[in-house]
Structures are given as C-alpha cells and as structure tokens.
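# Coordinate analysis (summary)
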Amino acid sequence: KKKKKTTMLAKRGIELGAGLLLQLVRPGNAAISLLASSSRSTCISSDDGPSTSYSSQPVHAPHHRYSTTSLAVESNQYQAVISQLNAIETKLRKESYADGKLRLKFSEDSLPFPIPAHDVEPDLHTIDVHVRPEDGTGGIFCKWLRRTGRTPARVQSITTGNKQLLVHMSTQDADKLVRVYGRHGCEARVLALRVLSSSDPSKVLGMIRVKPQRVHMTSNRTGVVENVDLLFCPRDRIVHVNVPIKLVNDELAPGVKKGGWMHITSRTVRYQARGCSIPSAIEVDVKSLEVGQDVRIRQLPIPPNTRLPHQDYDAVVVRCTTDVGND
C-alpha cells in the first residue's frame, strides 16, 4: 500500500509539473517574454547543414547603462511573472490531487425542481439539509460525503412520477433523530426539512414536510446512521406507517405478578393514516393479562383518521408467558 501511495503521489507530481510547463510555454506568457529578453541564444552551425546545438548566454549589461526607470520596469516584470506563476500553481493544486484530497462538489445552490406547495407546521422537528448534485448517488460519493460529517438522504415521491430529491444532513442531526425517537420510532414521526443554499447558509430554498421511511445503520456496535430514506408527506396524503407498540400497565398484570413476563412478538404494526394524523405509538393496556393470554392485531385500538390495512388480524402482538425457550 505504501509503494502504491508513493507511485500515485509521483504521478500527481508529474501532472503538476507538466501543467506548469504547459502554462509557461503558452504564447504571450510574461515569463517567456522576460526570459527571452534577458538571454541570448547563439546558434552553432556547420557547413553540412542547419544548426545542430544551442547554447544560452545571459547578457550582463554594465550597471551604468541601467536607469531608474528601466530597473522599475524590470521589477514590475518580475512581479508579474511571480504573480502569474502563483496563480498557475493555485489553479493546478485546486484541480489536481497533489495533496491527496479528493475534491467533489457535495452541494448545489438551487433546487433541481420546484417543491409542491403544502403546509408545514412550525412546531415540527426541523432538520437543516443541503441539496446533493444529480450524480451524487454512487457509493464513492456517499463515502466521501460521510467523511465530511454529513449523512446522505433522499426524499421520495416529491412530485408526480415518483421523482426524488437528493439531500444530505449533518451526521449529528441524523444520530439525534435515532437517539430521541428510536430507529423504528422515528418512522412514525413527521419532520420538517429546511433546505439551505450551500453558498449562503442563511438563504432558505424551501421547507418540506416529510416522514422517515427507513433508517440504514451499521451492523457493528457503533450504530452509525449511513442513510435515511424520507417520504414527502403533506397533511392530506394517505401513507402507510409502521407504528411502534407501547405497553401500558404491564407491571400490574396478574400474569407478571405470578412470575410471567410480556413477550412482544411484533414491535411495530402497519397502519394506514393521513399525513396529519400519524400516530407516534399505539398504547396497549395489558393490565388484565394472565399467563398464556395474548393480544392480537384485531384487538388493537384504531386512532382517528387511521385504519388497519388488510393483514393477518389474528397475528399475536404481545403474550404473557413464563416459557423462555419457546417464546
């Protein structure tokens, strides 16, 4: 790996030097003009043909031949050459990988398409995001994006034709979202995205009302959020939500007092709801459960403006049991 890295740096150094030479030999360059005026090229010719070799002899004029004006002009020429070389070096370093850093454009200054008009409540959990380029979907791009402390995300079904908006948010905001609401709990929440301009962070490009669809996290102990899938969720849109189950009065259940425990077989239940009536959790009262009794999907409460779509209504959600091996 060290040899490969050294070879890559050598190639980049050669590219940098070649770029400098190309800039120097450009017609009308001040550096070439100054070198031509300060040196004299003599040609060694022979009787057999044209010249075969060259030698450069610098001209050393006596000091008394230079006036104050000529010295000032020569100084200005040297300053112009230095400024031009500095500009060339800055440009080449910016466009090359001489320092080992990959330069990618992570954000755009405008939206790729207009956001449909919709209402966004001011009391929603707000996250600041930036717009990704249209080609910013590859694994290499997202890897470098994560290294800068940003988490890639996308807003699906934002317009007709299932058009999506590519964005990225701060890694701290993504981690806080999972830490506060939980990995599955945040899927039953409605958020507000504040789209900002990359060149002017104080400029707001638009506000989008969204609902997390899926949160992708690493499988190791760190649990870092790698990607967030969001769904455009206006107030009048009908969406499917995986609502988490929350047990109530489980310590008062007769089965628990007899040595049993509550086994949750399904931590989320799929509901169909409007964007303005998405429940954050379904509370299940289990204070009357005995050992061996359970609660099924058809016994769950149905909040207003929601319904249980077609599924197995006899599926067990929670059961009071004492058997650890089977449950």
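Our structure is the block above this text.
Residues numbered from 1 in each chain as written. Predicted model: local features only at pLDDT ≥ 70, side-chain atom pairs only at ≥ 80, totals over all residues. Heavy atoms only, no water.

## Some remarks on the side chain of S277
Mapped onto the secondary structure, S277 falls in the loop between β11 (268-274) and β12 (282-285). Look at S277 and you get buried, because its relative accessible area is 16%. Apart from residues no more than four positions distant in its own chain, S277 is found in contact with P304, N305 and T306. (Helix = DSSP H or I, 4+ residues; strand = E, 2+ residues; numbered from the N terminus. Buried < 20%, exposed > 50% of the residue type's maximum accessible area, 1.4 Å probe, protein only. Contact = heavy atoms within 4.5 Å.)

## Remarks on helix α4 (residues 139-147)
All buried positions along α4 are accounted for by F141, C142 and L145. An end-on view of α4 places all buried positions within 95° of arc, on one side of the element. For α4, the exposed residues set more than 90 degrees away from the buried face come down to G139, I140 and R147. Those residues of α4 that are buried lie in contact with β4 (150-159) and β5 (163-170). One or two positions beyond α4, positive phi appears at G149, with a value near 85°. (Arc of directions from axis to C-beta.)

## Some details on the nonpolar core
Of all hydrophobic cores here, the largest spans 27 residues; its most connected members are I245, M262, V284, V286 and L300. Elements with a minimum of two residues in this core: β9 (238-248), β11, β12 and β15 (316-321). Ignoring anything within four residues of it in the chain, the contact list for I245 reads S266, R267, T268, V269, I282, V284, L300 and V317. Membership of the second largest hydrophobic core comes to 24 residues, among which are L177, C186, V195 and I208. (Core = buried A, V, L, I, M, F, W, Y, C linked by side-chain atoms within 4.5 Å.)

## Describing the sheet that holds strand β10 (residues 261-264)
Read from one edge of the open sheet, three strands run β10-β15-β13, paired in antiparallel fashion. Every other strand in the sheet has two partners, leaving β10 and β13 (294-296) as the edge strands with one partner each. Within the sheet, the average angular offset between the axes of one strand and its neighbour, ignoring direction, is 15°. (Pairing = 2+ DSSP bridges. Axes fitted to C-alpha atoms, helices over the stretch in contact; angles between N-to-C directions.)

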